[in-house]
Amino acid sequence: MKKNAWEKMNANPWWFKLILLLFFGTLCLLTLYPMWDVLMGSFMPLSAYMNMPIRLYPKNFTVAAYTGLFQMGDVLRALGNTVFVTVIGTALHMLFMNMAAYVLSRRYFYGRKVVLKMVLFAMLFYGGLIPSYINAKNLGLIDTLWVLILVPLINPYYLIVTRTYYMGMPESLEESARLDGAGDFTVFFRIYVPSALPIIATMCLFITVDRWNNYTNNIYYTSGNNTDTLQMMLYRMLNNTDHAVAEFSENLVNDKSRRMAGIVIAAAPLMCIYPFLQKYFAKGLMIGSIKG
Amino acid sequence: MLSSVENKRKRRSPVGACKELLRQVKKHPVLYFMLIPCLAYFVIFKYVPMQGFLIAFKNFRATKGIWGSAWAGTRHFELLFRDAAFRSAFRNTIIISVSKIIVNFVFSFLLALMLNEFRSQKLRGTVQTIIYLPHFLTWVVIGSLLNNMFSLSNGVVNEIIKWFGGKPINLTTNPANFRGMLVITEAIKEGGWNSIIYMAAISSIDTQMYEAACIDGANRWKQLLYITIPSLLPTATIMLILSLSHVLSAGFDQVYVLYNPAVMETGDIIDTLIYRKALMNVNYSYGAAADLLKGVISASLILATNKAVKLLGGEGMF
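Note that the structure is a prediction, hence the values are computed from the model and not measured.

Criteria and cut-off values
Residues numbered from 1 in each chain as written. Chains lettered and ligands numbered in written order. Predicted model: local features only at pLDDT ≥ 70, side-chain atom pairs only at ≥ 80, totals over all residues. Heavy atoms only, no water. Helix = DSSP H or I, 4+ residues; strand = E, 2+ residues; numbered from the N terminus. Rg over C-alpha atoms; globule rule 2.2 N^0.38 Å. Buried < 20%, exposed > 50% of the residue type's maximum accessible area, 1.4 Å probe, protein only. Contact = heavy atoms within 4.5 Å. Areas by Shrake-Rupley, 256 points an atom, 1.4 Å probe, with all protein chains shown as cover. Patch = residues over 30% accessible without salt bridge, like charges linked within 9 Å, V, L, I, M, F, W, Y side chains within 5 Å. Salt bridge = Lys/Arg side-chain N within 4 Å of Asp/Glu carboxyl O. Core = buried A, V, L, I, M, F, W, Y, C linked by side-chain atoms within 4.5 Å. Axes fitted to C-alpha atoms, helices over the stretch in contact; angles between N-to-C directions. Left-handed = near helix turned anticlockwise from the far one by under 90°. Nonpolar A, V, L, I, M, F, W, Y, C, P; charged D, E, K, R; others polar. Disulfide = S-S within 2.5 Å. Phe/Tyr/Trp six-rings, centres within 6.5 Å; stacked < 30°, edge-to-face > 60°.

Q: I tried to follow the overall build of chain B on my own but got confused; where do I start?
A: Helix and strand counts for chain B stand at 16 helices and two strands. Whereas a compact globule of 318 residues would reach a radius of gyration of roughly 20 Å, chain B reaches 26 Å, over 25% beyond that. Taken along its principal axes, the extent of the C-alpha atoms in chain B is 75 × 60 × 30 Å. Relative to its 318 residues, chain B shows a buried fraction of 49%. The contacts in chain B between residues at least 6 apart in sequence include a share of 63% that link residues at least 24 apart. Accessible area for chain B stands at about 15900 Å²; split by element, carbon and sulfur atoms hold 65% of it.

Printed below as a string of structure tokens:
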């Protein structure tokens, strides 16, 4: 990379570059090493893991931890639950949210202010855990998978961000479409949605990550193992101080390497796709926060 | 012009408003249909549970339901303020939250400034990818990683300390260290992600200013002090103020995964207290009162900080 005169004049002194290197080197190590340690540990027999102070490579490579974990039966079901909840939850969230955001962005929509105030109020005040639980019980949702989909169905903050985006799109789009005879739905579906792909893609990513990682809904609204998501199953395996978990002590995984295999399984899918999508996440954050 | 007539705001009586609504529905039926699922969700899952506000003012008995239970006035709130556990949790929440806000802000600000000094785009991109990573992992995963690393017997942290000849340090069950551990681990987890905002602000600074400053003889340090930081101040102020509105939520996920009976006195926050009292001790009214208190304070903080940000010239959230 050819440096012009200004860049050469303005370059950092060598000792500063060294400080930068040390600082970020340490930071990256701190970030990566724990994951690496667990990854290596999941592929090693426990004795080998305990004997090496710093685990850089999998000595005595074995997949016993993984096969043992899968034999416990819950992992596949948890994985299936997570995929189901994530896919359906994200699809419904995107559909309903985009429709509502479009409608709320139209200046000629009567009742816009009222609905907006409703959404904002819901964002600020949360009725509390118990009423939500009672509500879900009355709807017959407790202990089903649908409670994991329906309770967090639409995130008001994302709704507002999407609406702001739709408001920022040029009015001429709609006007020209109407001149060509398009009705409300056609304008939305055929014109605005394709043009709003950046926000749709980033919202989709954010929502998928939220759903995939959520385990508190499992703690609040379900009991028993059938409806566990991957993160919840992992939580059960790793924490045995919770009263609710102690009853299901057959799920306690005492074998440390199986626990590590569990961690890898729970974190791996996101970690694999994340590097490729990372710049979309970053862009999405900026769309939501800094205007102009 | 599309809507010059509709722009005039007429004051309508409720009956008139309903009639106008019906007319609009007939004109744009599709729009109202599109809004229905979202509205239904908000009503069913957000507004109906708001009856829960009442639980805080009643002696709630599950068998009698919300409406059948007897009124208790402000008794639960009085009990709340007298409860030592609640006062302790409240104090912890504020201390932990404020520490987190300050440390997170300083750390992510520094990260953005330092990342800006990278000359090579590829290197910067790689480093960014690595430091954004912990944000995407849940505290369940990271919590267990931390428990692994901080283990007194063979955790990596203590191994390194022993190698340097020091005494192993207890980070998980020592109340004195717990808050610090919470704050620092959260800073490392979220620091990278939070620095994105500042990086975006930095990238919008005009490079001509740097060139002019360089020609005038400013070295990089002075450029940092007189160009970068002043340009970032508006963004930083807004972020700081907005994060103040969340001061009562000190991070349930993190604390829940990492805390244990030994660190209750310094580590218990309002959210974990509510969870324990409400779900485990089945003291619903206590939980509801605490929830309501927290909700009211948070809402006022959000509105106040939003107003403050608007007054300072930024764009609030609403």
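After that view, the rundown keeps rolling.
Q: When you look at a nonpolar patch on the surface in this model, what are you seeing that I'm missing?
A: Taken together, the side chains of W14(A), W15(A), L18(A), I19(A), L21(A) and L22(A) make up a nonpolar region of the molecular surface, amounting to roughly 720 Å² of accessible area. Tracing the sequence through the fold places I19(A) in helix α2 (residues 14–42).

Q: Teacher, can you tell me more about the nonpolar core here?
A: Where a protein is soluble and globular, its nonpolar side chains tend to be buried together. By size, the foremost hydrophobic cluster in this structure holds 141 residues, and its most contacted members are F24(A), Y102(A), Y166(A), M203(A) and F42(B). Per-element accounting of this core gives the leading share, twelve residues, to helix α5 (residues 74–105) of chain A. Leaving out residues up to four positions away in the same chain, Y102(A) has contacts with Y108(A), Y166(A), E174(A), D184(A), V187(A), F188(A), Y192(A), L31(B) and M34(B). Counting residues in each nonpolar core, the second largest holds 21 residues, with I55(B), F60(B), F86(B) and A290(B) among its members.

Q: Would you mind going over the packing of helix α6 (residues 84–115) of chain B against helix α12 (residues 220–244) of chain B with me for this structure?
A: Pairs of packed helices are described in terms of their axes, by the angle between the two and the distance that separates them. Residues and elements named next belong to chain B. Packing of α6 against α12 leaves a shortest axis separation of 11 Å and a crossing angle of 145°. Here α6 runs over α12; the crossing is right-handed. Note on element contacts: α12 touches α6 through L224, T228, I229, L232, A236, L240, S243 and L244, opposite I101, F105, F109 and L113. Here the contact of α6 with α12 is composed, by residue class, of ten nonpolar, two polar and no charged.

Q: Looking at this structure, how should I read the state of the cysteines?
A: In protein chemistry, a disulfide is the covalent bond that joins the sulfur atoms of two cysteines. Summed over the entire model, instances satisfying the criterion amount to zero disulfides over all chains. Residue C38(B) stays outside any disulfide, its sulfur separated by 17 Å from that of C204(A), the closest cysteine.

Q: Would you mind going over the pattern of salt bridges with me for this structure?
A: It is possible for side chains bearing opposite charge to pair when their charged atoms get close. All names here are of chain A. A full pass over the atoms with the stated rule returns eleven salt bridges over all chains. Notably, a salt bridge pairs R106 with E174, separated by 2.4 Å at the nearest N-O pair. Separated by 68 residues along the polypeptide, R106 in the loop between α5 and α6 (112–124) and E174 in helix α10 (residues 171–179) bring together distant segments of the chain. The class of E174 is buried, set by a relative accessible area of 4%.

Q: What should I look at first to understand the side chain of T129(B) in this one?
A: As for its placement among the helices and strands, T129(B) is situated in helix α7 (residues 121–132). Once residues lying within four places of it in the same chain are set aside, the contact partners of T129(B) are Y274(A), P275(A) and Q278(A).

Q: Can you help me understand helix α8 (residues 139–149) of chain B in this one?
A: It helps to recall that an α-helix has 3.6 residues per turn; residues three or four apart then point in one direction. For α8(B), the tally of buried residues reaches ten of eleven residues, placing the bulk of the element in the interior. W139(B), V140(B), V141(B), I142(B), G143(B), S144(B), L145(B), L146(B), N148(B) and M149(B) are the residues of α8(B) that are buried.

Q: Would you mind going over the packing of aromatic side chains with me for this structure?
A: The way to describe two aromatic rings as a pair is by their centre distance and the angle between their planes. Residues and elements named next belong to chain A. Applying the stated criterion to the full structure yields 32 aromatic pairs over all chains. Considering the side-chain rings of Y158 and F206, the 6.1 Å spacing of their centres and the 20° angle between planes classify their relative orientation as stacked. Linking Y158 in helix α9 (residues 156–168) with F206 in helix α12 (residues 197–213), this pair joins segments that are 48 residues apart in sequence. In this structure an aromatic cluster arises from ring pairing among Y102, Y166, F185, F188, F189 and Y192.

Q: Would you mind going over unusual backbone geometry with me for this structure?
A: Peptide bonds are trans in most cases, and residues, glycine excluded, mostly fall at negative phi. All names here are of chain A. A positive phi angle is found at D143, which is not glycine, with a value near 65°. In this fold, D143 is placed in the loop between α7 (129–138) and α8 (146–150). Taking the relative accessible area as the measure of exposure, D143 reaches 35% and is therefore partly exposed.

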